[in-house]
Number of protein chains: 2
Amino acid sequence: MSLRHALLALLTVEPMTGYDLSKAFQASVSHVWHAPDSQIYPELRRMEADGLVVGTEVPWGPRGKKREYSVTAAGLDAFRAWMNEPLSYTRERDPAHLKAAYLEWAEPDAARAQLRAHIANFDQQRTEWLEKVREIDTGTSTMLEKRLAHAPASEHTSIRAYKRYTYEGLIARAEHEIEWAERGLDLIDDLLQADAAPPTA
Amino acid sequence: MSLRHALLALLTVEPMTGYDLSKAFQASVSHVWHAPDSQIYPELRRMEADGLVVGTEVPWGPRGKKREYSVTAAGLDAFRAWMNEPLSYTRERDPAHLKAAYLEWAEPDAARAQLRAHIANFDQQRTEWLEKVREIDTGTSTMLEKRLAHAPASEHTSIRAYKRYTYEGLIARAEHEIEWAERGLDLIDDLLQADAAPPTA
DNA sequence: GCCAACTATCTATGGGGATAGTGAGCTGAC
DNA sequence: GTCAGCTCACTATCCCCATAGATAGTTGGC
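Residues numbered from 1 in each chain as written. Chains lettered and ligands numbered in written order. Predicted model: local features only at pLDDT ≥ 70, side-chain atom pairs only at ≥ 80, totals over all residues. Heavy atoms only, no water.

Caption draft 1: Inspection of the packing of aromatic side chains at higher detail. What the rule picks out here adds up to 12 aromatic pairs over all chains. Pairing A:Trp129 with A:Tyr167 gives two aromatic rings, centres 5.4 Å apart and planes at 25 degrees, and the pair type is stacked. Remark: A:Tyr167 occurs in helix α8 (residues 156-196) and A:Trp129 occurs in helix α6 (residues 108-138); sequence separation between them is 38 residues. The burial state of A:Trp129 is the same as that of A:Tyr167; both residues are buried. Connected via pairs of aromatic rings, a cluster forms that spans A:Phe79, A:Trp82, B:Tyr102 and B:Trp105. Against the face of B:Trp82 rests A:Lys99, its NZ or CZ located 5.0 Å from the ring centre. If you follow A:Lys163 out to its NZ or CZ, it ends over the ring of B:Tyr102, 4.3 Å from the centre. (Phe/Tyr/Trp six-rings, centres within 6.5 Å; stacked < 30°, edge-to-face > 60°. Helix = DSSP H or I, 4+ residues; strand = E, 2+ residues; numbered from the N terminus. Buried < 20%, exposed > 50% of the residue type's maximum accessible area, 1.4 Å probe, protein only. Lys NZ or Arg CZ within 6 Å of the ring centre and 35° of its normal.)

Now the structure itself:
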């Protein structure tokens, strides 16, 4: 139920079309939130029906048009309300750790491939987040700079700090996952070696 | 699509009823996988139709009966196949980090409550996983000991090692999340202090 | 002037999962 | 001997989301 809030979060920065939002999810904010356009467009309609956003037709080229959504006062209220209410932590599903717990069933090569894929996945995430932090620091994050432009100067430090804080946490998490998978690769080797040369004691 | 594999994983240890599986998800394996019984029973039926498991009626008390499912050879094949094929990493949704990125919208108290809830959540997980590791080490994990009883002695080291490895990773992750949230609490305080006493430079 | 690539929006279908309820039998404590 | 609490199984509904595909207009390069 919080695609809605993710959309509100992005729209607090500036009015956007469904397409813009879809791009934003695909690129910058992926791995924090993601949604296909087939989910975004209808949700925007619903949000408009609920008075959280208003859509206005904007000409696009000679004949084309697009629909740009901006947050209403009610939308801001809803977003603030969500921000002020605690999250409910639902039990998660974690296929990677599920598999790890039963790794003895996999061929050693498959087990290694699995862990390497884990590393590759989080290494890519890590790279993305590092780039985000760099953008925050150099002032080249378009979303952040737009957000700052609409906010009083007194809040700039906080806004910047929270963004950085978020991405730092994600980087640390990615690094932790990489480390864990690397220890797993070592473990596989150790177990195979122990197997090849059983204890002489 | 991998509730099915989670069920297979548990059933490789020993035959179980839907109720047993539901309990197993609620207790021990929650946070790695979780499913309500309303999902489990129909899935077991489907798995039986697909030949992955067979259910047998077992008497339970004078009049009652229960349906115990055990994995078939085809089920073992399917499980091994899944173990040997790489996971597809889908983009995840992370409400906690989404919120963190927009923390300036929350009241300071709400922000603190949010982070404290984050800490409480992962602290509880951490406690659970630590207990799991303790059970593994002391041989009091019923599931693990049953698994070992059915496995050749040569594999005992690996099985034990992979289980431990999994839980260690989860513990480290929980600790990382706690650390991150604690840094967040400090950050909130710092930003409020800076606000109260603006730079004199 | 045409084609490829991109922008923009929408619909359909199906699976997975959350939530909530029904109903039956069993067990043990009081 | 009965009531509370547990074991066991199943059903219904609704939402979220993934995937895929339809459609139409725009822009830029060759």
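Caption draft 2: Representation of the UniProt feature "domain: Transcription regulator PadR C-terminal" (unreviewed entry) in chain A in the model. Taking the numbering used here, the UniProt-annotated feature "domain: Transcription regulator PadR C-terminal" (unreviewed entry) corresponds to residues 93-188 of chain A. Between the first and last C-alpha atoms of residues 93-188 of chain A the distance is 24 Å; the span itself is 82% helix and 0% strand. (UniProt positions renumbered as here; feature names shortened; annotations may be inferred.)

Caption draft 3: Up close: the interface of chain B and chain A. Counting from both sides, the interface comprises 70 residues of chain B and, opposite them, 70 residues of chain A. For the pair chain B and chain A, the summed buried surface comes to about 7100 Å²; carbon and sulfur atoms form 63% of the total. Here chain B and chain A share 10 salt bridges between them. For the salt bridge of A:Glu104 with B:Lys163, the shortest nitrogen-to-oxygen distance reads 3.9 Å. Joining chain B to chain A, the criterion identifies 38 residue pairs in polar contact (both at pLDDT 80 or more). Considering each element in turn, the side of chain B that touches chain A owes the most residues, 23 residues, to helix α8 (residues 156-196) of chain B. Residue composition of the side of chain B that touches chain A, by class: 37 nonpolar, 17 polar and 16 charged. (Contact = heavy atoms within 4.5 Å. Buried area = accessible area lost by both parts, 1.4 Å probe. Salt bridge = Lys/Arg side-chain N within 4 Å of Asp/Glu carboxyl O. Polar contact = N/O pair within 3.5 Å; in protein donor to acceptor, adjacent residues only side chain to side chain. Nonpolar A, V, L, I, M, F, W, Y, C, P; charged D, E, K, R; others polar.)

Caption draft 4: Region of the structure containing the sheet that holds strand β1 (residues 16-17) of chain A. All names here are of chain A. Strand order in the open sheet formed by three strands is β1-β3-β2, with antiparallel pairing between adjacent strands. The open sheet has two free edges, formed respectively by β1 and β2 (53-60), since each of these has just one partner strand. The pairing of β1 with strand β3 (residues 64-71) spans two bridges and is classified as antiparallel. Directly across from Thr-17, in β3, lies its bridge partner Glu-68. (Pairing = 2+ DSSP bridges.)

Caption draft 5: Examining the protein's contact with DNA strand D more closely. Residues in close proximity to DNA strand D total 23 residues, the closest being A:Ser38, A:Gln39, B:Tyr19, B:Arg45 and B:Arg67. Within 4 Å of the protein, the contacting atoms of DNA strand D are 69% sugar and phosphate, with bases supplying the remainder. In this structure, a phosphate oxygen belonging to DNA strand D sits 2.2 Å away from a main-chain N or O atom of B:Arg67. Counting residues per element, the surface near DNA strand D draws most heavily on helix α3 (residues 37-49) of chain B, which supplies four residues. Among the residues forming the surface near DNA strand D, the class breakdown is nine nonpolar, seven polar and seven charged. (Near = heavy atom within 4 Å.)

Caption draft 6: Broad picture of the environment of A:Ser22. Residues and elements named next belong to chain A. Its place among the elements puts Ser-22 in helix α2 (residues 18-26). Looking at Ser-22, the relative accessible area reads 5%, which means it is buried. Through-space distance from the C-alpha of Ser-22 to that of Glu-135 is 21 Å; in sequence the pair is 113 residues apart. When residues no more than four places from it in sequence are discounted, the contact partners of Ser-22 are Asp-37 and Ile-40.

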